[in-house]
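Structural overview for review
Spelled out, the chains give:
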Amino acid sequence: RGRIVYALRCAQCHGRDGRGDVRAAEFMTPRPRDLTAGTFKIRSTASGELPTDEDLLRTVTRGMPGTRMPGWEFLPESDRRAVVAYLKMFAPAFAKAPAPQPVAVGRPLRMSSDSVARGRALYAELKCGDCHGAEGRGDGTSAHVLVDEWGRSIRPADLTRPWTFRGGADAAAIYLRLTTGMNGTPMPAFADAVSEEDRRDLANFIRSLARAPSAEELREGENAVWARRYVAAQRPAAGS
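Figured I'd write up the structure that's included with this text. (Residues numbered from 1 in each chain as written. Predicted model: local features only at pLDDT ≥ 70, side-chain atom pairs only at ≥ 80, totals over all residues. Heavy atoms only, no water.)

1. Things to note about the nonpolar core
Counting 19 residues, the largest nonpolar core has Tyr6, Leu35, Leu56, Val83, Phe90 and Phe94 as its most contacted members. Top element by residues in this core is helix H4 (residues 77-87). It accounts for four residues. Among residues more than four places away in sequence, those in contact with Leu56 are Phe40, Pro51, Val84, Leu87, Lys88 and Phe94. Counting residues in each nonpolar core, the second largest holds 15 residues, with Val116, Tyr123, Phe165 and Ala203 among its members. (Core = buried A, V, L, I, M, F, W, Y, C linked by side-chain atoms within 4.5 Å. Buried < 20%, exposed > 50% of the residue type's maximum accessible area, 1.4 Å probe, protein only. Helix = DSSP H or I, 4+ residues; strand = E, 2+ residues; numbered from the N terminus. Contact = heavy atoms within 4.5 Å.)

This is the structure:
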C-alpha cells in the first residue's frame, strides 16, 4: 500500500527511487529531500539520529511550511503510515540502526518579559544573529554564504515569519529545533552547549519576534497558503 501511495503522491518530486533527482528539482527551493541519504531536518531525536515514525508521519501529514511539500492530512491515516513505512526502505540506515528515541520536551517555560529578555541575551551571546540577523530577519552577515551538507546554498530562517518554519512555530517545536538541530544544515544542536532552561528562554525570544503576515503575504506568493494556515491556527478555538 505504501508503494502505491508513494507512486501517486510523492514520486513526482522525490523520484521513483527516492533520490529527489527529478528533472523539476532544480527549480524547487529547497530541493526535494533525497530519502536515500537518511538525513532529515525535522525530528524529535538527538542530533545526527534518524527520525521516529511519528516524526515522519507528522511531516507527511502537516507538510513542510515554506516549501513545495504539501500536507497530506486528507489521506487516511492508514495510507500515511503505509507511505512512512515504504519511504524508510529507501534509506539503509533505518534497517541498521536501533529504533530512534525522542528527546524529552517537557512543559514549555511560561512566556514572560523576563524570559524573553534572557533569551535575547542568549541570542546575542550564541551569535545567532550571524546567520539569522540581529532582528531575526534571516539577513545576518553569514546568511549569503551558508551551504548545506551537499554544498547547496541554504538560507537561514526569517524568524519574524513563523509560517515558514519547517517544523512548526509553537514553543515545543522551536525548543526541539534548538535542542536537536537540523541535520544536513548549518543549524547546530544546543543540547550540550546550552541548558534546558536557557533553551526555553531562547525559544520564547524567538517566538517574540513573530509578526502577523501582511495582506499581500496572505494573498499571493508561494508561501501564501502557509501564511493563511498560520493565521487560522492562531485563532482561539470556539468556546475557549
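There is more to say after this.
2. Quick look at the packing of helix H6 (residues 113-125) against helix H9 (residues 196-208)
Closest axis-to-axis distance for the H6/H9 pair is 7 Å, and the angle between their directions is 95°. In this view, H6 runs roughly perpendicular relative to H9, as classed from their interaxial angle. Across from Ser115, Val116, Arg118, Gly119, Arg120, Leu122 and Tyr123 in H6, the residues of H9 making contact are Asp198, Arg200, Asp201, Leu202, Asn204, Phe205 and Ser208. Looking at the contact of H6 with H9, its residues break down into five nonpolar, four polar and five charged. (Axes fitted to C-alpha atoms, helices over the stretch in contact; angles between N-to-C directions. Parallel < 35°, antiparallel > 145°, perpendicular 65-115°, else oblique. Nonpolar A, V, L, I, M, F, W, Y, C, P; charged D, E, K, R; others polar.)

3. Quick word on helix H1 (residues 2-9)
Restricting attention to buried positions, one finds in H1 the residues Gly2, Val5 and Tyr6. With its buried residues spanning 100° around the axis, H1 presents them on a single face. Exposed residues pointing more than 90 degrees away from the buried face of H1 are listed as Arg3 and Leu8. Against helix H2 (11-14) and H4 lie the buried residues of H1. (Arc of directions from axis to C-beta.)

4. Remarks on unusual backbone geometry
Going from Thr29 to Pro30, the amide bond is cis rather than trans, its omega being -5°. Tracing the backbone shows Pro30 in the loop between H2 and helix H3 (53-62). With a phi angle near 60°, Lys127 is a residue other than glycine that sits in the positive phi range. With respect to the element layout, Lys127 can be found in the loop between H6 and helix H7 (129-132).

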